[in-house]
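One-letter residues, chain by chain:
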Amino acid sequence: MTYSLYLNLIEPNLNNNKTFLILDDGTKISYKDFISLSSKISNKLTNLGLKSDDIILVKSQKCKETLSLYLTSILTGSVFFPLNSNYTLNETIYFIEDSKPSFLICESSEVESIKPICDDIGCRILSLNANGEGDVTNNLENFDSSFKPNIRVKDDLAALLYTSGTTGKPKGAMLTHQNLVSNAYQLINLWNIDTSDTLIHSLPIYHTHGLFVAINTSMMSGATIRFIKNFNIDLVMEAFKYSTLMMGVPTFYTRLIKDKRLSKSATKNMKLFISGSAPLLTETHQDFYNITGHRILERYGMTETNMNTSNPFDGERKAGSVGKPLKDISIRINKTIGDKDTLLNKIGMIEIKGPNVFKGYLNNPEKTQEAFTEDGYFITGDIGHFDKDGYLFISGRNKDLIISGGFNIYPKEIEDLINQHISVIESAVFGIKDNDLGEVPIAAVVMINNNTEIKDLSIFVENNLVKYKTPKKYIVLNELPKNVMGKVQKNILKDKYS
Ligand code: MLC
Ligand code: AMP
């Protein structure tokens, strides 16, 4: 098979008049029209100097024009780098300086503050607002609606997605055409997605889940997407009437369960509900089944690998398990790392090899090397075991990570920021259980002067950090609990403040 995104996602749909997107205002856009829009933008950006292999950093909000920039990157053979549109200026500066994009697309209100950083590295900045208007789409009628594609091959870079780590600073995971196409192909076959499907899409499009899992599988199978700006439960309920698939994080399902409108009849047109990005509680799986008669299918993935495992479409969907390895992916449990004393020593580090595994971290050969075993397996940082039927269970993490509503939060990054505040000696950020978001971050801080107003610290953090990462609470302590090695014992803090 060919691994070019163009040949799999775009070429088969060039003359497809079927609806690709249904927007919140009811507008329907065909595949053909969407590709024409993307082609015009490609012609425009090429005129402005965009070349193959250039990085396009896209920090605009979820709208059809933002999505069409993904297709623009495929058409022009450049590298798509989507970024959470809510990131603060300081966070954004880091991403620009680390990735050195050639083009940056953001809200017009941000252009003035970001432009000087772009100017320093010779990056062209263009506006695109949530209503689809801005420099990217101005005067598009002057550009041709067809574009001669720059077709890339399997190891060529398709996308750059940042993910943090224990080092605190986010690293750019380089994803190739083969990574993305091979994964979409496996998922389509496994989940039985075809042209008759309509997917409810209410995830952000700057992460693996909402971008690659949802968009690539839909485009590759010619399905329709009900493209909802964010998880609006009224719009989702309405979409159940004519849709067949939903992809979401566990919070979507716990919110739906709490809604009295959820029932068997409300979801009778639906074929499949998929969950991922965070652990789905057995209780949520069971409650959803009791109310709707649908067993949520849970799968497991990550930025560096796309999807690794999935429960089956046909066959048993085990609650609490993330399913079996995808067909062409090898997963092993490394028992030398992890909790050796439990479950007959079957638990260990989950390690992965396959065409889905990324090429490495951008400009970071040391971190890339650390992320792989000598025989080429990617070390996920997730701890788990297989049961006798070959289903994988994730039981913990060997990385200090909080997953809140499906967003990953690396405490080190927040602690580094808090520690920069003039009143702080040290801090520890940890996750506590939250009924809605699964976990939320809170911070224990040791201050120079215990009477210092915590408000000042929280404003400082809010000004520098995207909202979902900001601690929901601050606890002032005289000292942090530490073990003999001087390492902060976050489990003690968790137990005490959960
Ligand atoms: C919103 N807030 C969050 C938050 N989302 N805080 C912590 N964690 C989150 N995830 C903040 C808001 O800013 C707001 O703050 C308050 O919490 C309540 O907001 P809300 O309106 O209730 O939240 P909402 O906007 O509805 O968002 C919740 C959500 C959203 C679950 C819909 O977080 C979401 O779309 N998550 C999906 C993340 C995702 O796509 N992950 C995939 C990663 S890829 P305030 O103070 O203003 O009230 C990956 C690989 C894989 O992991 O396997 O898929
Ligand atoms: P990210 O790197 O942001 O894509 O997040 C990937 C991480 O999310 C994984 O390493 C897991 O820790 C977690 N994750 C993804 N899917 C699941 C799942 N179904 N169950 C539990 N954790 C998950």
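Rules behind the numbers
Residues numbered from 1 in each chain as written. Chains lettered and ligands numbered in written order. Predicted model: local features only at pLDDT ≥ 70, side-chain atom pairs only at ≥ 80, totals over all residues. Heavy atoms only, no water. Axes fitted to C-alpha atoms, helices over the stretch in contact; angles between N-to-C directions. Helix = DSSP H or I, 4+ residues; strand = E, 2+ residues; numbered from the N terminus. Parallel < 35°, antiparallel > 145°, perpendicular 65-115°, else oblique. Left-handed = near helix turned anticlockwise from the far one by under 90°. Contact = heavy atoms within 4.5 Å. Salt bridge = Lys/Arg side-chain N within 4 Å of Asp/Glu carboxyl O. Buried < 20%, exposed > 50% of the residue type's maximum accessible area, 1.4 Å probe, protein only. Near = heavy atom within 4 Å. Polar contact = N/O pair within 3.5 Å; in protein donor to acceptor, adjacent residues only side chain to side chain. Nonpolar A, V, L, I, M, F, W, Y, C, P; charged D, E, K, R; others polar. Areas by Shrake-Rupley, 256 points an atom, 1.4 Å probe, with all protein chains shown as cover. Domains from an automatic or database assignment. Buried area = accessible area lost by both parts, 1.4 Å probe.

## Some thoughts on the packing of helix α4 (residues 89-99) against helix α5 (residues 108-121)
Then, number 1: Running from N to C, α4 and α5 point in directions that differ by 15°, and their axes come no closer than 10 Å. In terms of orientation, α4 and α5 fall into the roughly parallel class. Note on packing geometry: the crossing formed by α4 with α5 is right-handed. Where α4 approaches α5, its residues L89, T92, I93, I96 and E97 are matched on the opposing element by S113, I114, I117, C118 and I121.

## Thoughts on the pattern of salt bridges
Then, number 1: Summed over the entire model, instances satisfying the criterion amount to 26 salt bridges.
Then, number 2: As a salt-bridge pair, D387 and K318 come within 2.6 Å of each other at their nearest N and O atoms. Of this pair, D387 sits in the loop between β19 (378-386) and β20 (392-397) while K318 sits in the loop between β14 (306-310) and β15 (324-325); the two residues are 69 residues apart in sequence, bridging distant segments of the chain. Per residue, the accessibility class of D387 equals that of K318, and both read buried.
Then, number 3: In this structure, E439 engages K494 in a salt bridge whose closest nitrogen and oxygen atoms are separated by 3.9 Å. Highlighted residues: E439 in strand β24 (residues 438-447) and K494 in helix α14 (residues 490-497), separated in sequence by 55 residues.
Then, number 4: A single salt-bridge network, built from bridges that share partners, covers K318, D387, K388 and D389.

## Notes on the site of ligand 1
Then, number 1: In the region of ligand 1, 22 residues are neighbours, and R255, S277, R299, S404 and G405 sit closest.
Then, number 2: The side chain of S277 places a nitrogen or oxygen atom 2.6 Å from an oxygen atom of ligand 1.
Then, number 3: Elements supplying a minimum of two residues to the shell around ligand 1: α9 (250-258) and β13 (297-302).
Then, number 4: Tallied by class, the residues present in the shell around ligand 1 amount to ten nonpolar, eight polar and four charged.

## Quick word on the site of ligand 2
Then, number 1: Neighbouring residues of ligand 2: 17 residues in total, closest R299, T303, D382, K399 and N408.
Then, number 2: Taking T303, its side chain carries an N or O atom lying 2.8 Å from an oxygen atom of ligand 2.
Then, number 3: K399 places a polar side-chain atom, nitrogen or oxygen, 2.8 Å from an oxygen atom of ligand 2.
Then, number 4: For ligand 2, whose free accessible area comes to 490 Å², the fraction covered by protein is 92%.

## Points about the domain arrangement of the chain
By a widespread convention, an interface's size corresponds to the accessible area lost as its parts come together.
Then, number 1: Per the domain assignment, the segments of the chain are domain 1 (1-398) and domain 2 (401-497).
Then, number 2: Computed over C-alpha atoms, the centres of domain 1 and domain 2 are 29 Å apart.
Then, number 3: With 23 residues of domain 1 at the contact, the number on the domain 2 side is 21 residues.
Then, number 4: Summing both sides of the interface, domain 1 and domain 2 together bury roughly 1600 Å²; the carbon and sulfur share of this comes to 48%.
Then, number 5: At the boundary of domain 1 and domain 2, one finds two salt bridges.
Then, number 6: Its salt-bridge partner being D436, residue R255 comes within 2.7 Å of it at the nearest N-O pair.
Then, number 7: Where domain 1 meets domain 2, there are seven residue pairs in polar contact (both at pLDDT 80 or more).
Then, number 8: Looking at the side of domain 1 that touches domain 2 element by element, the count peaks at three residues for α9.

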